[in-house]
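The residues making up each chain are set out below.
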Amino acid sequence: MISTWNISASGDGSAGEELLLVFDRGRPARLLILPAWFDEANKLRRFTVEVMRRLDAAGIDTLLPDLPGCNESLTPLSEQTLEGWRTCAAAAAESLGATHVLAIRAGALLAPEGLPGWHYAPQSGPKLLRGMLRAQVIAAREAGNSETSEALLAKGRSEGLTLGGWPIGAAMVRALEAAEPALAPGQTAIAQGQLGGPGLWLRAEPDDDAGQADALAAIICGGLA
Amino acid sequence: MSSTPILQGQLDEEALDQQLKALIADVLGLDPAQAAAFDADSGLFGHLPELDSMAVAGLLTEMEDRLGIVIDDDDVDGEMLETYGGLRAFAQAKLAPL
């Protein structure tokens, strides 16, 4: 179930081989998973894979490709752009033969327009940045340095910046400031309330919730039935 | 979680107290009963190991969403985060003048 996928050299030049987690048994329904980003990716990783396991048991193939700059990628995260990731998400959908998409949190910013599917608790670019900037400001104060969100953002726009340990390039910062998830035809949003508990990305430490994984998998199974 | 902010003036002290405790339990993964037992002197930042700077940022962002308030960098200081009473007083002050 651990494989790789190749990003072609077209697009913005981010060609390369990236990891791919799959439950691929050649079944008709093939769900591309676009995971949450940065710190939320860690918080939601186990939950995401638990949902994939449930969908596998329900007869649905799932495909979770790493994007360049994420996890074990050899490409630096700081070089990634929103458009580049969108191109990669679309390329993954095509090369892996996805029929549907499940985009999680900020992953919704990358959901290919041509695929029907779901945006789970979609997160906008400005809210993502705001949370990360705030964490940086608070951490700096703890260390006795005074920083402001405005000053950090200004620096980020011109030269990029590292937030919570994640190096984010200037082009990515600028794009995120205006990035809102948009539902394409055939895509619907799943609100956190539908899963019967608080979002696991909120947790200070990574956690798991079998009930929420059941609920999300059930919504997807229902939509594909 | 819910992105519908509570209408101004609709939030009495008791409701705010419950909402704030539920929010802390959600963010820190606490048993709701543990959060419900918080009093004004219960220690938060610097007392709960789960509450690091990233978690504080998440807590404040969630307060903005659920209470419909805006929290500026300058609002965030040690006093408001040190105890549960400090955080509740801060939220009340943010809601009151509106």
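Everything numeric in this text was worked out from a predicted model, so none of it was measured.

> Can you help me understand the overall build of chain A in this one?
Along chain A, the regular secondary structure elements total six helices and nine strands. The C-alpha radius of gyration computed for chain A amounts to 17 Å, which stays within 12% of the reference 17 Å derived for 225 residues, consistent with globular compactness. Mean positive and mean negative side-chain charge positions of chain A (18 and 26 charges, respectively) differ by 5 Å.

> Can you walk me through a nonpolar patch on the surface in this structure?
A surface patch of nonpolar side chains, amounting to about 310 Å² of accessible area, comprises Met1, Ile2 and Leu19 of chain A. Tracing the backbone through its elements, the reader meets Met1 of chain A in the segment before strand 1 (2-7).

> I tried to follow the pattern of salt bridges on my own but got confused; where do I start?
Oppositely charged side chains can form a pair if their charged atoms are brought close together. Throughout the structure, instances matching the rule amount to 23 salt bridges over all chains. We note a salt bridge from Arg130 of chain A to Glu64 of chain B, for which the minimum N-O separation is 2.5 Å. Taken together, the residues Arg130 of chain A in helix 3 (residues 125-142) and Glu64 of chain B in helix 3 (residues 53-67) connect one chain to another. In this structure Glu64 of chain B comes out as buried when scored by relative accessible area, which is 10%. Through salt bridges that share partners, Asp24, Arg25, Arg27, Arg30, Asp56 and Asp61 of chain A make up one connected network.

> Hey, could you run me through the environment of Gly193 of chain A in this one?
Residue and element names in this part refer to chain A. Take Gly193: it is sitting in the loop between strand 9 (187-190) and helix 6 (210-224). Judged by its relative accessible area of 55%, Gly193 is exposed. Sequence separation between Gly193 and Glu142 is 51 residues; the distance between their C-alpha atoms is 34 Å.

> When you look at the packing of helix 3 of chain A against helix 3 of chain B in this model, what are you seeing that I'm missing?
Describing two packed helices takes the angle between their axes plus the distance from one axis to the other. Their axes nearest at 8 Å, the elements helix 3 of chain A and helix 3 of chain B cross at an angle of 135 degrees. The orientation of helix 3 of chain A with respect to helix 3 of chain B, classified from their angle, is oblique. Along this stretch, helix 3 of chain A crosses helix 3 of chain B, giving a crossing that reads as right-handed. On helix 3 of chain B, the residues that touch Lys127, Arg130, Gly131, Arg134, Ala135, Ile138, Ala139 and Glu142 of chain A of helix 3 of chain A are Ser53, Met54, Val56, Ala57, Leu60, Thr61, Glu64 and Asp65 of chain B. In terms of residue class, the contact of helix 3 of chain A with helix 3 of chain B is built from seven nonpolar, three polar and six charged.

About the thresholds
- Residues numbered from 1 in each chain as written.
- Chains lettered and ligands numbered in written order.
- Predicted model: local features only at pLDDT ≥ 70, side-chain atom pairs only at ≥ 80, totals over all residues.
- Heavy atoms only, no water.
- Helix = DSSP H or I, 4+ residues; strand = E, 2+ residues; numbered from the N terminus.
- Rg over C-alpha atoms; globule rule 2.2 N^0.38 Å.
- Lys, Arg positive; Asp, Glu negative; His and termini not counted.
- Charge placed at Lys NZ, Arg CZ, Asp CG, Glu CD.
- Patch = residues over 30% accessible without salt bridge, like charges linked within 9 Å, V, L, I, M, F, W, Y side chains within 5 Å.
- Areas by Shrake-Rupley, 256 points an atom, 1.4 Å probe, with all protein chains shown as cover.
- Salt bridge = Lys/Arg side-chain N within 4 Å of Asp/Glu carboxyl O.
- Buried < 20%, exposed > 50% of the residue type's maximum accessible area, 1.4 Å probe, protein only.
- Axes fitted to C-alpha atoms, helices over the stretch in contact; angles between N-to-C directions.
- Parallel < 35°, antiparallel > 145°, perpendicular 65-115°, else oblique.
- Left-handed = near helix turned anticlockwise from the far one by under 90°.
- Contact = heavy atoms within 4.5 Å.
- Nonpolar A, V, L, I, M, F, W, Y, C, P; charged D, E, K, R; others polar.

Honestly, it's all geometry; don't read function into it.
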